[in-house]
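# Structural overview for review
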Amino acid sequence: MLSHNQIKLLTALQVKKYRQKYRKFVVEGDKMVAELLGQSRIAVSAVFATERWADENANILSGFSEKTTFVTDAELKKISSLTTPNAVLAVAEMPADIESVEILHSNLCFYLDGLQDPGNVGTILRIADWFGLPAVFCSPDCADAFSPKVVQASMGAIFRIRTAELPLIELLRAAPGTAVLGAVLGGDNVFEANTPRTGLLVIGNEGRGISPETEALLTHRLTIPRHPRGGAESLNAAVAAGILAGVVTQK
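Cut-offs and rules
- Numbering of residues begins from 1 in every chain and follows the order in which that chain's sequence is written.
- Totals for whole chains, interfaces and linings use all residues, but because this is a predicted model, local features are given only for residues with pLDDT of at least 70 and pairs of side-chain atoms are given and counted only at 80 or more.
- Only hydrogens and water are set aside when side-chain values are computed; all heavy atoms of the structure are taken into account.
- Secondary structure elements are defined from DSSP: runs of H or I of at least 4 residues count as helices, runs of E of at least 2 residues count as strands, and each element is numbered from the N terminus.
- Polar contact is the term for a pair of N or O atoms within 3.5 Å; when the atoms are in protein, one must be able to donate a hydrogen and the other to accept it, and sequence-neighboring residues count only if both atoms are side-chain atoms.
- The contact definition used throughout considers only heavy atoms, calling two residues in contact when any of these lie within 4.5 Å.
- Exposure is judged per residue with a 1.4 Å probe applied to protein chains only, and the accessible area is read against the type maximum: over 50% gives exposed, under 20% gives buried, and values in between give partly exposed.
- Any two strands are treated as partners once DSSP identifies two or more bridges connecting them.
- Each axis is a line fitted through C-alpha atoms, taken for helices only over the stretch in contact, and angles between the N-to-C directions span 0 to 180 degrees.

Moving on: the side chain of threonine 68. On the secondary structure map, threonine 68 appears in strand E3 (residues 68-70). In terms of polar contacts, threonine 68 uses its side chain to reach the backbone carbonyl oxygen of phenylalanine 64, at 2.7 Å. Residue contacts for threonine 68: discarding those within four places in its chain leaves Val47 and Leu61.

With the exception of glycine, the majority of residues adopt a negative phi angle, and the majority of peptide bonds are in the trans configuration. Phi at arginine 23 is positive, roughly 55°, even though this residue is not glycine. Looking at the element boundaries, arginine 23 is found in the loop between helix H2 (16-22) and strand E1 (24-28). The partly exposed category is assigned to arginine 23, whose relative accessible area is 34%. Even without being a glycine, methionine 155 presents a positive backbone phi close to 50°. Mapped onto the secondary structure, methionine 155 falls in the loop between helix H8 (148-154) and strand E7 (162-165).

Take the sheet that holds strand E10 (residues 220-223) next. Strand pairing in a sheet takes place through backbone hydrogen bonds and is either antiparallel or parallel in direction. The strand order across the open sheet formed by six strands is E7-E6-E5-E9-E8-E10, and the pairing between neighbours is parallel. Two strands lie at the open edges of the sheet, namely E7 and E10, each paired on one side alone. Sheet twist, expressed as the mean angle between neighbouring strand axes with direction ignored, is 35°. Here strand E8 (residues 180-189) pairs with strand E9 (residues 199-204) via three bridges, running parallel. By the bridge assignment for E9, valine 180 is matched with leucine 200. Across the sheet, helix H7 (residues 118-131) is in contact with strand E5 (108-113), strand E6 (135-138), E7 and E9; its angle to E5 comes to roughly 170°. On top of the sheet, helix H11 (residues 237-250) reaches E5, E8 and E9; it is set at about 155° to E9, its chief contact.

This is how it looks when you write it as structure tokens:
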């Protein structure tokens, strides 16, 4: 049975400032929680599950019995951020921040410049996971990587991809000489351009694209060319991220 304090904490974790205060975030759903419990990078603080789910997944829960609280469907609905709650919810500890920006000198990583759609941020985490980009850096005005909607959209990538939130200028001061690639109007054709395999791949805001402040820091200006018969005005941010990462990592 849920206590008042547990309900209060779980509700608070739907808000960014409380996630940052307590350094915890919520994971919901059968597949996502099973993946969380099966990995070792991110610590598990608590599990809230129906008895039915616990019985069906006893092997997964075997090492977390002391952290598991049985709840009813009605109680789960009180603490869930989903319209239709699943049978299990877990609280995870936020991983430590990226220890060293030296990662940029040996890898390609995303930098998300003001993205607002949690679905796009979560999908870009999946794209990074797919193409082997080990980290996703976010601007301070970007949707929070540990928000419930981003975590859901990441489909488990949040457990593998490291994240950090800081202004691009600060990141570049800490890692001078980093290549910064971004798609802008009038840039070089990404399919033909000579692009580095390490550095930052900037993805701009869904509506305005890359901000002028960030664009001024680009070292490589790229464009995804539209087919002559194409009529679309623009590409979705996550779609563009997938194309850019796929092309640059395969050169």
